[in-house]
Amino acid sequence: MMIIAASIFDAFTPSNINYLLGGLGITIGVSIISVIASLVIGAFVGVIMYEKVPFLSRYVTIINDVIRNLPLLLIIFFIYFVLPRIGLYLPVFWATVIAMTVFESTMLAEIIRGGLLAVPAGQTEGARSVGMSNAQALMHIVLPQGIKKMIPPIISQLISLVKDTSLAVGIVLAEMTFRGQIVYAQNSNYTIPVFIALAIMYFILNFGLSLIAKWFDRRTAA
């Protein structure tokens, strides 16, 4: 028992801790870039689907629905393994970022479209009756009201994004989960403490996002 206990403490040597924290940095990096890109692209796609632009909205909606119903892991594999066959070689970090962005953008686009549709049509009609253009009605009337409905599901989706970075272990991205596997491969007694450490780090990241969601809820409810 003493030997096992000693092995558990050995799992958290300075070198192993630094190695795991390096993986945390990669996870945060992938998450931040993917979140920003997904929000920008998702907002653009969501507005296009909401506005029902002739031809464009229809095809964008079809593409969005197709990608949204694919497994994220399949998209990661496609970006990393298939694109090189046509000459597009990407480092594992950027392959992960692109795959995460493509998938999460479709999810956020649907959330944004739903939030805009949740605003009563009378609001838009009233804005147009006083001479506002479609763009003005969207920016000044519909969007401010829709954001209140969008924020909670958007934050929930972003929390899922952070957790889904662990799927990139399939293409050997050296994020937290992958590095955890390397650490406990040294000694089977490291497995439990390493998984506990990974759980704590993921919890801190996602709980932080949850606090942001609650803060937004209070702000929008005021």
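Above this text sits the structure in question.
Throughout what follows, the structure given in this document is the object of discussion. Note that the coordinates shown come from a computational prediction; the quantities given were computed from them, not determined experimentally.

1. A few points about the packing of helix α3 (residues 56-68) against helix α5 (residues 92-117)
So, step 1. It is the contact of α3 with α5, at a shortest axis distance of 9 Å, that shows an interaxial angle of 120°. With respect to each other, α3 and α5 are oriented oblique. The element α3 and its partner α5 pack so that their crossing is left-handed. Here α3 contributes Asn64, Asp65, Ile67 and Arg68 to the contact with α5, which in turn contributes Val102, Phe103, Ser105, Thr106, Met107, Ala109 and Glu110.
So, step 2. Across the contact of α3 with α5, the residue classes tally to five nonpolar, three polar and three charged.

2. Focus: the nonpolar core
So, step 1. Ranked by internal contacts, the top residues of the largest apolar core, which has 24 residues, are Ile79, Leu116, Val142 and Ile154.
So, step 2. Elements with a contribution of two residues or more to this core: α2 (14-51), α4 (72-82), α5 and α7 (134-164).
So, step 3. Top element by residues in this core is α5. It accounts for nine residues.
So, step 4. The contact partners of Ile79, leaving out residues within four places of it in the chain, are Pro84, Leu90, Ala95, Ile98 and Ala99.
So, step 5. Ranked by size, the runner-up nonpolar core spans nine residues in total, among them Tyr190, Leu198, Met201 and Tyr202.

3. Remarks on the side chain of Ser105
So, step 1. Tracing the chain through its elements places Ser105 in helix α5.
So, step 2. Filtering out sequence-adjacent residues up to four positions away, Ser105 remains in contact with Ala37, Ser38, Ile41, Gly42 and Asn64.

4. Re the pattern of salt bridges
So, step 1. In the structure shown here, the tally under the stated rule is three salt bridges.
So, step 2. Among the ionic pairs, Arg68 bridges to Glu110, the shortest N-O distance being 4.0 Å. On the criterion of sequence distance, the pair formed by Arg68 in helix α3 and Glu110 in helix α5 is long-range, its members being 42 residues apart.
So, step 3. The exposure class assigned to Arg68 is partly exposed, which follows from its relative accessible area of 24%.

Procedures and definitions
Residues numbered from 1 in each chain as written. Predicted model: local features only at pLDDT ≥ 70, side-chain atom pairs only at ≥ 80, totals over all residues. Heavy atoms only, no water. Axes fitted to C-alpha atoms, helices over the stretch in contact; angles between N-to-C directions. Helix = DSSP H or I, 4+ residues; strand = E, 2+ residues; numbered from the N terminus. Parallel < 35°, antiparallel > 145°, perpendicular 65-115°, else oblique. Left-handed = near helix turned anticlockwise from the far one by under 90°. Contact = heavy atoms within 4.5 Å. Nonpolar A, V, L, I, M, F, W, Y, C, P; charged D, E, K, R; others polar. Core = buried A, V, L, I, M, F, W, Y, C linked by side-chain atoms within 4.5 Å. Buried < 20%, exposed > 50% of the residue type's maximum accessible area, 1.4 Å probe, protein only. Salt bridge = Lys/Arg side-chain N within 4 Å of Asp/Glu carboxyl O.

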